[in-house]
Amino acid sequence: QVQLGETGGGLVQAGDSLRLSCAASRHTFSTYSMGWFRQAPGKEREFVATISYSGSSTYYAPSVKGRFTISRDNAKNTVYLQINSLKPEDTAVFYCAASRSFLPTMTSEYAYWGQGTQVTVSS
């Protein structure tokens, strides 16, 4: 299986920016679509963004489009999530995941998940 590990979260102020990273263990990383999800306390895990195997195609949840950018570096087996203009409502645990589907948006379409990284945005 694929092991994933997220880094880059932390406590920031509203309006700040963060760059989350997710490193994968397998050399076949480039054959997987990758996605980012987030989960706030007491709420269900929700889709944020996804990127295709080569990085040529992306799709974003309407609520984050314009502020979030997903990218990947297959040579480094890493996917990134750049978050600009952070808002308090962005506070959540952010997870990355791997899928063999094309630009999947549902949790059931992802086979492998990281442990998550906490993003906390203060006002």
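Every value quoted in this text rests on a predicted model; they were computed, and no experiment measured them.

About the thresholds
Residues numbered from 1 in each chain as written. Predicted model: local features only at pLDDT ≥ 70, side-chain atom pairs only at ≥ 80, totals over all residues. Heavy atoms only, no water. Pairing = 2+ DSSP bridges. Helix = DSSP H or I, 4+ residues; strand = E, 2+ residues; numbered from the N terminus. Axes fitted to C-alpha atoms, helices over the stretch in contact; angles between N-to-C directions. Buried < 20%, exposed > 50% of the residue type's maximum accessible area, 1.4 Å probe, protein only. Phe/Tyr/Trp six-rings, centres within 6.5 Å; stacked < 30°, edge-to-face > 60°.

Chemist: Can you tell me about the sheet that holds strand E3 (residues 18-24), naming the residues and giving the values?
Modeler: Here four strands make up an open sheet; going across it, the order is E1-E3-E8-E7 and the pairing antiparallel. Of all strands in the sheet, those bounded by a partner on one side alone are strand E1 (4-7) and strand E7 (68-73). Taken over all neighbouring pairs, the strand axes of this sheet differ in orientation by 15° on average, direction set aside.

Chemist: Quick one: what's the story with the environment of Met106, residue by residue and with numbers?
Modeler: Among the structural elements, Met106 can be located in the loop between strand E9 (92-99) and strand E10 (112-113). In this structure Met106 comes out as partly exposed when scored by relative accessible area, which is 47%. Taking the C-alpha atoms as reference points, Met106 and Glu46, separated by 60 residues in sequence, lie 8.3 Å from one another.

Chemist: Before we move on, could you go through the packing of aromatic side chains and cite the residues and values that matter?
Modeler: Two measures describe an aromatic ring pair: the distance that separates the ring centres and the angle between the ring planes. Summed over the entire model, instances satisfying the criterion amount to seven aromatic pairs. Here Phe47 and Tyr59 contribute two aromatic rings whose centre-to-centre distance is 5.9 Å and whose plane-to-plane angle is 20°, an arrangement assigned as stacked. Here Phe47, found in strand E5 (residues 46-51), pairs with Tyr59, found in strand E6 (residues 58-60); they are 12 residues apart in sequence, far enough to count as distant. For Phe47, a relative accessible area of 13% gives the class buried. Aromatic pair Phe68 and Phe94: ring centres 6.5 Å apart, planes at 35°, arrangement tilted. On the criterion of sequence distance, the pair formed by Phe68 in strand E7 and Phe94 in strand E9 is long-range, its members being 26 residues apart. Given the relative accessible area of 0%, Phe94 is considered buried.

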